[in-house]
Amino acid sequence: MALYGCLEAGGTKFVVGLVTDAGEIVASVRIPTTLPDETLGAAIDWLQAAAGDHGPLSALGIATFGPAGIDRARRDWGFITSTPKPGWRQTDMAGPLGQAFGLPVGFDTDVNGAALAESRWGAGRGERMLAYLTLGTGIGGGIVVDGHSLHGRTHSEMGHIAVRRDSADGGFAGICPFHGDCLEGLASGPAIMARWGRALSDLPSDHPGHGIIAGYVAQLCIALEAMVSPDRIIIGGGVAQTPGLLDRVRQRADIRSAGYFPGFDAARIVAPGLGSHSGLLGALALAQDALAP
Ligand code: ZN
């Protein structure tokens, strides 16, 4: 069975794994994200040792934090580009890995990777078009059409759409350093913390914050419906695990759709199917596509 070297590259840790074609995680390790040479070097060392133990790799996949260069025609393909994370600006991720193993490397954002994995093995299986959203430290989203991530000049940044302010949510400026009260500025984990001093899941169930946050996320769902009409919208990430949040998002999306969109059904807004494995499995999907695009 083919083995793939998979990297889920996050801002605080890398999860590196050896994964089979079928998505079985043979071995994995967590490596703290310190500086590029150190962290990438440790990932390469671990993968080389793991391949020695379990057998040769067929390809590599990197699902990374961003912003990232994902256009193969550009010189910054495979790079983390304009990140504010100290030391990581303009870091070549795919190059050193490909060179160390002499193998094809798949590279995309963690969100696009997770979207691809959900479409292949998770809650979007069998659907022609899906949108995958993650609500956590940031808000991001990816769209998969016919088994491929939708790429424009770069990856989508749908967490930064403007949303209409909830009238019960006045007085909070929002925390996005670029836009203030964009969706991420109002509804990400840090925005919730800045406003109410607790995570959404720690607020009492009758706290108005639940409805406010659900309303903002529902606005993105309806924007997606208006723009691309996905077959399914999958919502993952830490904030999305708040009990009752998905139901509230569905209710508000249903109200906001106002019966206008043909065939729109809020029941198509669902939880992910892959849970905490979506990062490594995203990297697996990217590795497989690097081998057979
Ligand atoms: Zn923003």
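Reading guide: rules and limits
Residues numbered from 1 in each chain as written. Predicted model: local features only at pLDDT ≥ 70, side-chain atom pairs only at ≥ 80, totals over all residues. Heavy atoms only, no water. Helix = DSSP H or I, 4+ residues; strand = E, 2+ residues; numbered from the N terminus. Expected span 1.5 Å × (residues − 1). Buried < 20%, exposed > 50% of the residue type's maximum accessible area, 1.4 Å probe, protein only. Contact = heavy atoms within 4.5 Å. Pairing = 2+ DSSP bridges. Donors = N, O, S within 2.8 Å, 3.2 Å for Na, K, Ca; no water. Tetrahedral: all angles 85-135°; square planar, octahedral: opposite > 155°, others 65-115°. Domains from an automatic or database assignment. Buried area = accessible area lost by both parts, 1.4 Å probe. Salt bridge = Lys/Arg side-chain N within 4 Å of Asp/Glu carboxyl O. Polar contact = N/O pair within 3.5 Å; in protein donor to acceptor, adjacent residues only side chain to side chain. Nonpolar A, V, L, I, M, F, W, Y, C, P; charged D, E, K, R; others polar. Core = buried A, V, L, I, M, F, W, Y, C linked by side-chain atoms within 4.5 Å.

A rise of 1.5 Å per residue sets the reference length of helix 3 (residues 110-121), with its 12 residues, at 16 Å; its end C-alpha atoms lie 16 Å apart and thus fit the reference within 8%. With nine of 12 residues buried, helix 3 lies mostly within the body of the structure. Among the residues of helix 3, Val111, Asn112, Gly113, Ala114, Ala115, Leu116, Ala117, Glu118 and Ser119 are the ones counted as buried. Those residues of helix 3 that are buried are in contact with strand 7 (105-109), strand 8 (129-135), strand 9 (139-145), strand 10 (148-149), strand 11 (232-236) and helix 8 (278-291).

Of all the seven residues making up strand 8, seven are buried; the element is thus mostly covered by neighbouring parts of the structure. Both faces of strand 8 are covered, namely the face carrying Met129, Ala131, Leu133 and Leu135 and the face carrying Leu130, Tyr132 and Thr134. Summarising the sheet, strand 8 and strand 9 pair through seven bridges and their orientation is antiparallel. Residue Thr134 lies in a different strand from strand 9, and its bridge partner there is Gly140. What sits between strand 8 and strand 9 in their antiparallel hairpin is a turn of three residues. Sheet topology note: the strand 8/strand 11 ladder contains five bridges and is parallel.

Within the protein, the atoms that donate to the zinc ion are His160 (ND1), Cys176 (SG), His179 (ND1) and Cys182 (SG), at distances of 2.1 to 2.4 Å. Considering all four donor atoms around the zinc ion, angles at the metal cover 102 to 121° and the coordination shape is tetrahedral. With relative accessibility at 7%, the residue Cys176 sits in the buried group.

Before going further, it helps to examine the domain arrangement of the chain. When the domains of the chain are assigned, the result is domain 1 (3-113 + 276-291) and domain 2 (125-271). In this structure, domain 1 and domain 2 have C-alpha centres spaced 27 Å apart. Taken residue by residue, the interface counts nine residues in domain 1 and 11 residues in domain 2. Taking both sides of the interface into account, the surface hidden between domain 1 and domain 2 amounts to around 800 Å²; carbon and sulfur atoms contribute 53%. It is Ile70, Val111 and Asn112 in domain 1 that bury the most area against domain 2; as a group they hold 62% of the surface buried on that side. Inspection of the domain 1/domain 2 interface yields zero salt bridges. The interface formed by domain 1 and domain 2 includes two residue pairs in polar contact (both at pLDDT 80 or more). Counting residues per element, the ones that place at least two in the side of domain 1 that touches domain 2 are strand 7 and helix 3. Among the residues forming the side of domain 1 that touches domain 2, the class breakdown is four nonpolar, three polar and two charged.

Before going further, it helps to examine the nonpolar core. Ile235 and Val249 are the most contacted members of the largest nonpolar core, which has 39 residues in total. Excluding its chain neighbours within four sequence positions, the residues that come into contact with Val249 are Ala214, Val217, Ala218, Cys221, Ile235 and Ile269. Counting 28 residues, the second-largest nonpolar core is a separate cluster that includes Val16, Ala51, Leu60 and Leu97.

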